[in-house]
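# Chain and residue survey
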Amino acid sequence: MLGSGISREGSTYRAPAALRQYCSNELLLIRRSVQGQRMMDDVKRIIKTDRFNSFDKFHETTKQLVDRYAEGGAITEVFEVPTRAADGKGRWVIHEAADVLRATVDILSPVRRRLIDYQQNPWHVAQWSGATPPGGLTSDVVIVDLPEHLDRLPSGGLSEKIVLTRQPLHLLWVKAAKKGAAGIISDHPVHGRPDAVWWQKLGWGGIPFGTGADPIVGLVLSESQGRELRKLHRQKGSLSLYLKVDISRYAGTHDVVSGIIPGRDDPQDEVWCLAHSAEPGVADNASGVAACLEAARVLEELFTSGRLPRPRRTIRFLNAYECYGFFYYLEHTERLKLPLAGINLDIIGLKPDLCNGNLYWHESIPMSAQFVNDVGQAIIGSLLTEKESLYRLKRAPFRSTADTLVGDPKYGFPCPWLTNCWRTDDRIYSDNNDMMYDDYHTSNDTVNILSIEGLEASA
């Protein structure tokens, strides 16, 4: 493959001799040193706290990452990013921190049983949900599945009611709040997964400014749970719930964790590897963080032992709250030069049947330096020739995500994206996420969907 060149849109990239030699020698040594079971153990540690999607737990994840990087010989740094900008505005600033302490929902009538327990399944609580009064809230359910039905209601027409809807929460919560609703519950279906709870939010990075409404309680059910509630409501003509949701909102911080493998030259001369933490899914994205930990461990051990020469440039592994961490870090740290290049690890290590056996290499944004796309494809393609039964390499065009925008020269540096996220080749060029793996952003995103061999290959 390397000898004949790599085809790209009618042109041919022939890997230089040094890169061909690297793929034949150093890469194989690195590959033999990677331990997939160790990565899986890291995934389990990370998700033990990140799954709660709560800032107090995110800080516990930070401690775990610092310890794991340090155990592997990497230098560690923690950069604290404030929420709620002092002047009331700011770029890439989360509006406020939120600790989810507990949340339960009980059906009071026409039957009595527990419906939701956050400790058992944190995905039931929408991100940036409001809280109930300290003593909880008892309310009747009103089913509203179409936005226009809300529009027809008078002001206060949902006073102290709980809205049950098949719509995603972000489409209706503001309207429901303005009509007086105390809470809103979504049973929006997940493709092919009727028992899965979809990760939903009342906003991204906080409640949007200018909504004119305080956050109401936002909860999420699986399609199956919603079907049962709707059946009860239809049969009995009414449905009463008791909600107790305890969420502490405050001006706090979140962390950017660095694991640093020093180079032999100018310490400011760096390449970066990004993988976002502070997300409740295993594939998305404890898998990417675990790959950072493993790569740091393996490289530092090989460099320290002398089996590989230490590289010229420093390698910095960064784990943070997506672009709210990465972009803020770029803009608020003193740096004489931008990193030369980087890579974004977002959703890796999936079992082949979930991603159609494909490992995608999405190019960096077109106005960035394009050599990184060819170099990355050469390295990954060389590795996967020995793992053809697991993944096939698919090179794909740039796709805008919260992390890959760092490749825009306005912000940072060329940064391709390595991922297993697509379950089919169709529509990966579109802006829709309906071709993502079926467990994407759901409570089914657990260790059961990961492959140890897939984690190894990605690392």
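Here, every reference points to the structure presented above.
Attention here is on the structure that accompanies the text. Note that the structure is predicted; figures quoted are calculated from it, not measured. (Residues numbered from 1 in each chain as written. Predicted model: local features only at pLDDT ≥ 70, side-chain atom pairs only at ≥ 80, totals over all residues. Heavy atoms only, no water.)

Below, the discussion takes up the sheet that holds strand β7 (residues 162-165). Taken in spatial order, the 7 strands of this open sheet run β5-β4-β10-β6-β7-β8-β9, and their pairing is mixed. Each edge of the sheet is formed by a strand with only one pairing partner; in this case those strands are β5 (113-117) and β9 (217-220). When strand polarity is set aside, the average angle formed by the axes of neighbouring strands in this sheet is 30°. Where β7 meets strand β8 (residues 183-186), 4 bridges bridge the pair, whose relative direction is parallel. Paired with Leu 164 across the two strands is Ile 185, which belongs to β8. Packed on one face of the sheet, helix α4 (residues 55-71) meets β4 (97-109) and β10 (240-250) and runs near 130° to β4. Packed onto the sheet, helix α6 (residues 169-178) meets β7, β8 and β9 and runs at close to 160° relative to β8. (Pairing = 2+ DSSP bridges. Helix = DSSP H or I, 4+ residues; strand = E, 2+ residues; numbered from the N terminus. Axes fitted to C-alpha atoms, helices over the stretch in contact; angles between N-to-C directions. Contact = heavy atoms within 4.5 Å.)

The next thing to look at is the pattern of salt bridges. Between side chains of opposite charge, pairing is possible as soon as their charged atoms come close. For the structure shown, the criterion picks out 32 salt bridges. With a closest N to O distance of 2.6 Å, Asp 246 and Arg 102 form a salt bridge. Placement of the pair is Asp 246 in strand β10 and Arg 102 in strand β4, with a sequence separation of 144 residues. When its relative accessible area of 27% is taken as the criterion, Asp 246 is described as partly exposed. For Asp 151, the salt bridge goes to Lys 175, with nearest N and O atoms at 3.1 Å. Of the two residues, Asp 151 sits in helix α5 (residues 147-152) while Lys 175 sits in helix α6, which places them 24 residues apart along the sequence. (Salt bridge = Lys/Arg side-chain N within 4 Å of Asp/Glu carboxyl O. Buried < 20%, exposed > 50% of the residue type's maximum accessible area, 1.4 Å probe, protein only.)

As for its placement among the helices and strands, Asp 346 is situated in the loop between β14 (342-345) and β15 (358-362). Arg 399 is the oppositely charged side chain nearest to the buried, salt-bridge-free Asp 346, at an N-O distance of 9.7 Å. Those residues within four positions of Asp 346 in sequence are excluded, and the remaining contacts are His 276, Asp 284, Asn 285, Asp 403, Trp 417, Leu 418 and Thr 419. (Lys, Arg positive; Asp, Glu negative; His and termini not counted.)

Time to look at the side chain of Asp 99. Tracing the backbone shows Asp 99 in strand β4. This buried residue, Asp 99, is left without a salt bridge; Lys 57 holds the nearest opposite charge, at 9.9 Å. Discounting chain neighbours no more than four positions away, the residues touching Asp 99 are Ser 54, Phe 55, Asp 56, Asp 246, Ile 247, Ser 248 and Tyr 250.

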